[in-house]
Amino acid sequence: EDDEAVALETGKYDDTNSYLEYDGDWVSELFVDGVYQETLYISTEIANSVTFTFTGKQVIIGYLGDIDFGTIAITIDDDEFTRDQSNGSEWVSPQLTQGNHSVVIIHESGDFVNLDYIQILN
C-alpha cells in the first residue's frame, strides 16, 4: 500500500529533512556560511522538484539569494507562485485555511536554484 507523506507541523525544517521529497539532480552542500544549519540543497537542472505536505496556515521557503540563482515555481494546492532567487532569502506564502496543504517547488529557470529551509506557521 502507498505510504502517506508525513505532513510537516508548525516549526522550522532544514533542507536535509527526510519529509522533503527531492526529484531530479539535487546537490546537498554542507558547511555553507550564512544559511540555516549550514546546509543547502542546490538544483542543477530545470524541472527538478521538491515536494512536501504540511499542516498549518502559512509556509515560508528559505533560500540563499545570489545573482547565480534563477527562478522557482511554487505550487500550493492549486495556486502557483514564482520567486526569483537572485535576491532576498525568504518567500512567504499567503495566509491559507488551517489544514493540510501540498507544496511543490520546481526549478523553473536559470542554471541553479536552491532550498535552505521550510518554516510552517499556524
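In this report, we go over the structure that sits alongside the text.

Calculation criteria
- Residues numbered from 1 in each chain as written.
- Predicted model: local features only at pLDDT ≥ 70, side-chain atom pairs only at ≥ 80, totals over all residues.
- Heavy atoms only, no water.
- Pairing = 2+ DSSP bridges.
- Helix = DSSP H or I, 4+ residues; strand = E, 2+ residues; numbered from the N terminus.
- Axes fitted to C-alpha atoms, helices over the stretch in contact; angles between N-to-C directions.
- Buried < 20%, exposed > 50% of the residue type's maximum accessible area, 1.4 Å probe, protein only.
- Phe/Tyr/Trp six-rings, centres within 6.5 Å; stacked < 30°, edge-to-face > 60°.
- Lys NZ or Arg CZ within 6 Å of the ring centre and 35° of its normal.
- Core = buried A, V, L, I, M, F, W, Y, C linked by side-chain atoms within 4.5 Å.
- Contact = heavy atoms within 4.5 Å.

**Some remarks on the sheet that holds strand β3 (residues 26–30)**
- With respect to topology, three strands assemble into an open sheet ordered β3-β4-β11, the strand pairing being antiparallel. Strands at the two margins of the open sheet, each flanked by one partner only, are β3 and β11 (113–115). For this sheet the average axis-to-axis angle between neighbouring strands, irrespective of direction, equals 30°.

**Some thoughts on unusual backbone geometry**
- Within the chain, Glu-38 stands out as a residue other than glycine whose phi angle is a positive 60°.
- Here Glu-38 lies in the loop between β3 and β4 (39–43).
- Overall, the relative accessible area of 38% leaves Glu-38 in the partly exposed class.
- Notably, Asp-77 is not glycine yet its phi reads approximately 55°, a positive angle.

**Some thoughts on the packing of aromatic side chains**
- Taken as a whole and judged by the stated rule, the model has five aromatic pairs.
- Measuring from ring centre to ring centre gives 6.5 Å for Phe-52 and Phe-54, while their planes differ by 40°; the resulting arrangement is tilted.
- Take Phe-52: its relative accessible area is 2%, and that puts it in the buried class.
- The rings of Tyr-22, Trp-26 and Tyr-41 are connected pair by pair, giving a single aromatic cluster.
- The ring centre of Tyr-117 lies 4.2 Å from the NZ or CZ of Lys-12, which sits over that ring.

**Regarding the nonpolar core**
- Residues Phe-52, Ile-105 and Ile-118 are the most contacted members of the largest nonpolar core, which totals 22 residues.
- Residue assignment for this core shows that the elements contributing at least two residues are β5 (49–56), β6 (58–62), β7 (71–76), β10 (99–109), β11 and β12 (117–121).
- Sequence-distant contacts of Phe-52, that is, excluding residues within four places in its chain, are made with Leu-8, Tyr-19, Leu-20, Val-59, His-101, Ser-102, Val-103, Ile-105, Ile-118 and Ile-120.
- Residues Val-32, Leu-40, Ile-42 and Phe-69 belong to the second largest nonpolar core, which totals five residues.

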